[in-house]
Amino acid sequence: MKAYLQPRLREAVQALGVAGDVDILLELPRNPEHGDLSTNLAMALARELKMAPRSVAEKLIAQLRVDPELVPKIDIAGPGFINFAFSPKFFHERLAALAAEKPERLGASTTGQGKRVNVEYVSANPTGLLHLGHGRNSAVGDTVANILEWNGYEVEREYYFNNAGNQMKKLTDSTYARYHQLLGEEDYPFPEDGYHGDYIKEIASEIERSYGNALLDHSEESEARVRACAEEWCFSRIVDTMKRLGIKHTMFVNEQHLHRDGFVTAALERLRDAGYIYEKDDATWFAAEKLGLDKDRVLIKSSGEPTYRLPDIAYHIDKLERGFDWIIDVLGSDHAATVPDVIKACEVLGYDVSKITPLIHQFVTLTDGGKQVKMSKRNAKVHTIDDLIEEAGADIVRYFFLMRNNSTQFEFDLALARDQTEKNPVLYLQYAHARVASLQGKAAEQGLTIGADIDWSQLTHDREMTLIKELLRFRETIIKGSETLEPVVICDYLRDVASAFHKFYHDCQIISAEPRELAEARLALARLTQIVMKNGLTILGISAPESM
RNA sequence: GCGCCCGUAGCUCAGCUGGAUAGAGCAACAGACUUCUAAUCUGUCGGUCAAAGGUUCGAAUCCUUUCGGGCGUACCA
């Protein structure tokens, strides 16, 4: 509907002699009496044209060229809204066009065609298992990548991890301590700020199995081996968890590579040449204040080690150099503070930082039937993603991380996630898909199949029209997803489709409908619904079961 | 202290560049299965949009202040 009206409205606006580009907002009126689509365009233009909104609306309508058979009713209402009502013919035509698309890509858009985008997500350091905090990042990042792919973008799905800094040292020291303790030195001191989780003990015993006591000498070689074992152990667990959640990557970049291949020192030298580096208290500083940021930051500690900020800058330079049209960093709010420094540093080196979009999501709190589940780092009683998957299943876990706006801090309710009944919003969606599968089976048994020529005009029932309108919104929803980078847009849409379908299914007999053309059209409508649900769920990374 | 996110129905959340009677799900209550899966559908109940000012023809939406919550504010990542 929007695709039909938007360009025609644009022409009408130009005909009125309005200079420049005007954003034309078309929205679905809440009240169905207000038609199928509504715009506040006249009110938006009123100021510029110095006319009353309602007379602007009249002039616009006079200039608007639409086919009256498709848009039979255009009204001016309230303070100056223009409401459009489309004809059944319009919807039937669009529906036929939608049905003609290839099922596997039905709904896909081409708005990103020819553009390369890099989406970085998860990016957990290999120092432990994925927990609640990573879950949202993973699900959001992967889904955003999916959405962009469905918009025609060529997507690099990237995972960046720090395996050179302080955290890895802590991991090594912690593992060493457990290793010593395991081999009889019960009093061997555990590092104060080490990783307390039991998994460290597992790593230690694995090392013991492979190497016996051969690494206890703390030689450089032994330390490197312990470190590598720990990193590998953690990383393979992370990869496992991501696999279970359907999180995919096409590119892994690590900090060691940035050091080894000179990216880090190059970044530092370029910043120095640009005049934003100085030495103080034996440390090397980035003069961020000079660039309008709140304070200067240390890039190299007095110990000689870089802080995470420097490799981060080097990494972003690398991403910019790789020639993407768009770079999206999916970050938790706890990491948001470093973004301005990194961006500013790239900017002063002459890069076009408007290509970088930090996608920041808020935290998730875990509740169980209304009671908050406390997470204690000390006892390492963090809920891992694996735990959640075990309790609720991957589909539900993933959906729960996606069903809210990125900017809202929400509650992950374990009790609701565990609940495998009608209360669970995921099952509502999957059920719509499964219902059609079962319906098709039954129809085939009774000799009803979807022929090549569907008479869509058979569909006139209110429930049918509502469902049709929902299905026709699929593509614009996918586009909206790429504009907002909010997976929740897809979640909400699928719920609306599922709801419209369940209502249609409830009120309209399908297989036994008369005449046969109607039965066939209804079956075809159900089939289209199934495809939309399937593709939508695929974008979200959730399975679409044939039966439940 | 400062910066960012947030405060909307009993609960969890929507509400799109300010616009037409504030929405959904869950909970509560009342209904609908001899017929394509009732994991569904129908109806009822429920809100001074944290508070106070301001801008506007019009504010949940923009601005200011206050109160309340989260995250930052490291020579941790």
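Residues numbered from 1 in each chain as written. Chains lettered and ligands numbered in written order. Predicted model: local features only at pLDDT ≥ 70, side-chain atom pairs only at ≥ 80, totals over all residues. Heavy atoms only, no water.

1. Some details on a negative patch on the surface
1) Next: The grouping of D217, E220, E221 and E223 at the surface amounts to a negative patch.
2) Next: As for its placement among the helices and strands, E220 is situated in helix α8 (residues 220-245). (Patch = residues over 30% accessible without salt bridge, like charges linked within 9 Å, V, L, I, M, F, W, Y side chains within 5 Å. Areas by Shrake-Rupley, 256 points an atom, 1.4 Å probe, with all protein chains shown as cover. Salt bridge = Lys/Arg side-chain N within 4 Å of Asp/Glu carboxyl O. Lys, Arg positive; Asp, Glu negative; His and termini not counted. Charge placed at Lys NZ, Arg CZ, Asp CG, Glu CD. Helix = DSSP H or I, 4+ residues; strand = E, 2+ residues; numbered from the N terminus.)

2. Digging into the sheet that holds strand β14 (residues 371-372)
1) Next: With mixed pairing, the three strands of this open sheet are ordered in space as β14-β13-β15. Two strands bound the open sheet, and with one partner strand each, they are β14 and β15 (410-413).
2) Next: Note: strand β13 (residues 364-368) against β15, four bridges, orientation parallel. From the neighbouring strand, T367 faces β15, where its bridge partner is D413.
3) Next: Strands in contact with helix α14 (residues 394-402) are β13 and β15; relative to β15, the strand with the most contacts, it is inclined by about 165°. (Pairing = 2+ DSSP bridges. Contact = heavy atoms within 4.5 Å. Axes fitted to C-alpha atoms, helices over the stretch in contact; angles between N-to-C directions.)

3. Overview of the nonpolar core
1) Next: Counting residues in hydrophobic clusters, the biggest one holds 121 residues, and the most contacted among them are L60, F86, L148 and F401.
2) Next: Of the residues forming this core, the biggest block, 14 residues, is contributed by helix α20 (residues 516-540).
3) Next: Sequence-distant contacts of L148, defined by excluding residues within four places in its chain, comprise V117, V119, Y153, V155, W326, I328, S482 and L485.
4) Next: Grouped together as the second largest cluster of nonpolar side chains are 33 residues, L258, L268, L310 and L331 included. (Core = buried A, V, L, I, M, F, W, Y, C linked by side-chain atoms within 4.5 Å. Buried < 20%, exposed > 50% of the residue type's maximum accessible area, 1.4 Å probe, protein only.)

4. Remarks on the confidence of the model for chain A
1) Next: Here chain A averages 91 in pLDDT, and 98% of its residues register 70 or above.
2) Next: Confidence metrics for the complex model read pTM 0.95 and ipTM 0.94. (pLDDT = per-residue confidence, 0-100.)

5. Quick word on the packing of aromatic side chains
1) Next: With the rule as written, the count across this model stands at 19 aromatic pairs.
2) Next: Measuring from ring centre to ring centre gives 5.7 Å for Y153 and W326, while their planes differ by 50°; the resulting arrangement is tilted. Here Y153 is found in the loop between α5 (132-150) and β6 (154-161), whereas its partner W326 is found in strand β11 (residues 326-332), with 173 residues between them in sequence.
3) Next: An angle of 45° between the planes, with centres 5.8 Å apart, marks the rings of F501 and Y505 as tilted. Highlighted residues: F501 and Y505, both in helix α19 (residues 488-507), separated by four residues, approximately one helical turn.
4) Next: On the accessibility criterion, F501 (0% relative accessible area) is buried.
5) Next: What links up through ring pairs into an aromatic cluster is the set Y4, F86, F90 and F91.
6) Next: Between the NZ or CZ atom of K280 and the centre of the ring of W285, over which it lies, the distance is 4.6 Å. (Phe/Tyr/Trp six-rings, centres within 6.5 Å; stacked < 30°, edge-to-face > 60°. Lys NZ or Arg CZ within 6 Å of the ring centre and 35° of its normal.)

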